[in-house]
Amino acid sequence: MTRFMTLDFADGDRPALLDQVAAMARGPYGYVSTPNVDHVIKRMDGRVEAQVYDGAALKVCDSRILAHLARLRGKALAVYPGSDLTADLLASDHDLTIGVFGPDRAAFDDLVARYPARPLTWIEAPMGLTPGTVVWASALDAAARAEWDVLLACISFPKQERFAHALGAAGRQTGVVLCVGASVDFLTGRQQRAPRIFQCLSLEWLHRLMTQPRRMFRRYVIEGPAILGWFVRTELLGSHSSPRA
């Protein structure tokens, strides 16, 4: 693992990380988070509880920007975007049953059509899914009881991480949850990923800002630059004080 900005990021190339996920799917319950810049900022300023990330068995870097910052400290972060991890898992040679939680039934049916040989199961994510509510408890119970080896949790950050963290307490004993946001939307064409050139230049965020300006302006223009301050504080000035829980 590589320690960077208070998080222990997983090491290894993509095949090795994919193998780790597949192994987790057959073992005791755990979950995988895929931190990006937005995740780290909210983790550092206390908007996401420390235990949500501390509880993740595997933290896979989802951000080339984080990797560039880490390189300034002589650290190498293995970047494996959640969308790529999801696509590789669905296309790989294994017999794992994959649950899908978040996308609606139509999106799930499109995913089934795209991967007809893959055992897939749909778990409804009801409206009003808010931690602490009856709906939340009911959804946790349904997910805990459902048949899956891998569960794709696609209900947005940080709700999906909180859901994965709570699922163990809800009685789930085996399998792995991947907190992978809009991955299914990208695979089914409901959202378009940045062109390869944007990805190679670490400008995927700019493509999302240009295509979804009203939704992404606050995230990338107002809040995103805070990562530089947190980087200076934790990595250059050596402040090891724990972020607020």
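It should be noted that the structure appears before, not after, this text.
Values in this document were obtained by computation on a predicted structure and should not be read as measured data.

Two faces belong to every sheet, and in a regular strand the side chains alternate between them. Of the two faces of strand β7 (residues 150-153), the one lined by Val150 and Leu152 and the one lined by Leu151 and Ala153 are each fully buried. Bridge count for strand β5 (residues 98-101) against β7 is four bridges, and the pairing is parallel. Paired with Phe101 across the two strands is Ala153, which belongs to β7. Bridging between β7 and strand β8 (residues 176-179) involves four bridges; their strand directions are parallel. Bridge pairing in β8 links Leu151 to Val177. For the crossover that starts at β7, traverses helix α8 (residues 159-169) and ends in the parallel β8, the hand is right-handed.

This part takes up helix α2 (residues 37-44). Side chains of residues three or four places apart in an α-helix project in the same direction, reflecting 3.6 residues per turn. Of all eight residues in α2, eight are buried; the element is thus mostly enclosed. Of the residues making up α2, those classed as buried are Val37, Asp38, His39, Val40, Ile41, Lys42, Arg43 and Met44. Here the buried face of α2 lies against β2 (7-9), α3 (50-54), α4 (64-72), α8, α12 (213-223) and α13 (226-236). Near the N-terminus of α2, the side chain that reaches the backbone nitrogen of Asp38, with its oxygen 3.0 Å away, is that of Asn36. Of the residues flanking the end of α2, it is Gly46, one or two places downstream, whose phi is positive at about 90°.

This part is about the nonpolar core. Among the nonpolar cores identified, the biggest contains 29 residues, and Val32, Leu111, Val150, Leu152, Val176 and Leu178 are the most heavily contacted of them. At the level of secondary structure, the elements contributing two or more residues to this core comprise α1 (14-25), α5 (82-91), β5, α6 (105-114), β7, β8 and α9 (183-187). Top contributing element to this core by residue count: α1, with five residues. If sequence neighbours within four positions are ignored, Leu111 has contacts with Leu90, Val100, Leu120, Val184, Leu187 and Thr188.

Turning to unusual backbone geometry, a few remarks are in order. The omega torsion of the bond from Phe157 to Pro158 falls at 0°, within 30 degrees of zero and hence cis. Look at Met5: it is not a glycine, yet its phi comes out positive at around 50°. Locating Met5 in the fold gives a position in the loop between β1 (2-4) and β2.

On the secondary structure map, Cys200 appears in helix α10 (residues 196-200). The exposure class assigned to Cys200 is exposed, which follows from its relative accessible area of 56%. C-alpha of Cys200 to C-alpha of Arg64: the two residues are 136 residues apart in sequence and 9.0 Å apart in space.

Residue placement: Arg208 occurs in helix α11 (residues 204-211). In this structure, Arg208 is buried with no salt-bridge partner, the nearest side chain bearing the opposite charge being Glu204 at 6.7 Å. Once residues lying within four places of it in the same chain are set aside, the contact partners of Arg208 are Gln191, Pro213, Arg215, Met216, Arg219 and Tyr220.

What follows concerns a nonpolar patch on the surface. On the surface, Phe217, Val221 and Ile222 cluster together into a nonpolar patch covering about 270 Å² of accessible area. Structurally, Val221 can be placed in helix α12. Classification of Val221 by relative accessible area gives partly exposed; the value is 38%.

What the rule picks out here adds up to 15 salt bridges. The shortest N-O distance in the salt bridge between Arg73 and Glu235 comes to 3.3 Å. With Arg73 in the loop between α4 and α5 and Glu235 in helix α13, this residue pair connects regions lying 162 residues apart in the sequence. Here Glu235 falls in the buried class, since its relative accessible area comes to 8%. Residue Arg105 pairs with Asp109 through a salt bridge whose shortest N-O separation is 3.4 Å. One end of the pair is Arg105 and the other is Asp109, both in helix α6 and four residues apart, which spans about a single turn. Since its relative accessible area comes to 37%, Asp109 is described here as partly exposed.

Cut-offs used in this document
- Residues numbered from 1 in each chain as written.
- Predicted model: local features only at pLDDT ≥ 70, side-chain atom pairs only at ≥ 80, totals over all residues.
- Heavy atoms only, no water.
- Buried < 20%, exposed > 50% of the residue type's maximum accessible area, 1.4 Å probe, protein only.
- Helix = DSSP H or I, 4+ residues; strand = E, 2+ residues; numbered from the N terminus.
- Pairing = 2+ DSSP bridges.
- Right-handed = clockwise from strand over helix to strand, strands pointing away.
- Contact = heavy atoms within 4.5 Å.
- Polar contact = N/O pair within 3.5 Å; in protein donor to acceptor, adjacent residues only side chain to side chain.
- Core = buried A, V, L, I, M, F, W, Y, C linked by side-chain atoms within 4.5 Å.
- Lys, Arg positive; Asp, Glu negative; His and termini not counted.
- Salt bridge = Lys/Arg side-chain N within 4 Å of Asp/Glu carboxyl O.
- Patch = residues over 30% accessible without salt bridge, like charges linked within 9 Å, V, L, I, M, F, W, Y side chains within 5 Å.
- Areas by Shrake-Rupley, 256 points an atom, 1.4 Å probe, with all protein chains shown as cover.

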